[in-house]
Amino acid sequence: DYDLKPREKAFLRAFGSTSKDKCVMIGDNYLKDFCGALNVGSNALHFNPSSDFTRGKQMIKRISEIKERY
């Protein structure tokens with residue numbers, strides 16, 4: 001389907017009238033959510049509570065970390 005993530009149309013629909021550089025995609029699927037958002041020029045955080053490692057600023061293990069990043 002052409003309007004599902006990680007396709008650009010899905011992200012643009014989610015952004016609505018908000019500029020994509022003002023949006024942050026927070027998702028648990030690395031390819032569909034995180035990489036998909038970055039590919040359309042948006043900000044993104046990969047939510048992975050079970051990870052034993054971090055990817056710097058772009059991975060969070062707890063939702064409370066969002067405020068620390070943005």
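Higher on the page you've got the structure.
Residues numbered from 1 in each chain as written. Predicted model: local features only at pLDDT ≥ 70, side-chain atom pairs only at ≥ 80, totals over all residues. Heavy atoms only, no water.

Asks: So what exactly am I meant to see when it comes to the environment of P6 here?
Replies: Among the structural elements, P6 can be located in the segment before α1 (8–15). Judged by its relative accessible area of 43%, P6 falls in the partly exposed class. As for P6 and L38, which are separated by 32 residues in sequence, their C-alpha atoms are 9.9 Å apart. With near-sequence residues (within four places) excluded, P6 lies in contact with F11, L31, K32 and G36. (Helix = DSSP H or I, 4+ residues; strand = E, 2+ residues; numbered from the N terminus. Buried < 20%, exposed > 50% of the residue type's maximum accessible area, 1.4 Å probe, protein only. Contact = heavy atoms within 4.5 Å.)

Asks: Help me understand the nonpolar core, please; the structure alone is not making it clear to me.
Replies: One recurring pattern in soluble globular proteins: nonpolar side chains tend to sit buried together. Formed by F11, F15, C23, M25, F34, C35, A37, V40 and A44, the largest nonpolar core amounts to nine residues. A total of three residues in this core trace back to one element, the largest contributor, which is helix α2 (residues 30–39). In this structure, C23 is in contact with F15, T18, S42 and N43, ignoring residues within four places of it in sequence. (Core = buried A, V, L, I, M, F, W, Y, C linked by side-chain atoms within 4.5 Å.)

Asks: When you look at the packing of aromatic side chains in this model, what are you seeing that I'm missing?
Replies: Remark: the centre distance and the inter-plane angle together describe each pair of aromatic rings, the angle taken between the planes. Counted by the stated rule, this structure contains two aromatic pairs. For the pair F11 and F15, a centre-to-centre distance of 6.3 Å together with 40° between the ring planes defines the contact as tilted. Taken as a pair, F11 and F15 lie in helix α1 at a separation of four residues, close to a single helical turn. The two residues F11 and F15 agree in class, both being buried. Where Y30 meets F34, the ring centres are 5.2 Å apart and the plane angle is 25°; that geometry is what we call stacked. Note that Y30 and F34 are positioned in helix α2 at a spacing of four residues, about one turn of the helix. Residue classification places Y30 among the partly exposed positions, given a relative accessible area of 31%. For F34, a relative accessible area of 3% corresponds to the buried category. (Phe/Tyr/Trp six-rings, centres within 6.5 Å; stacked < 30°, edge-to-face > 60°.)

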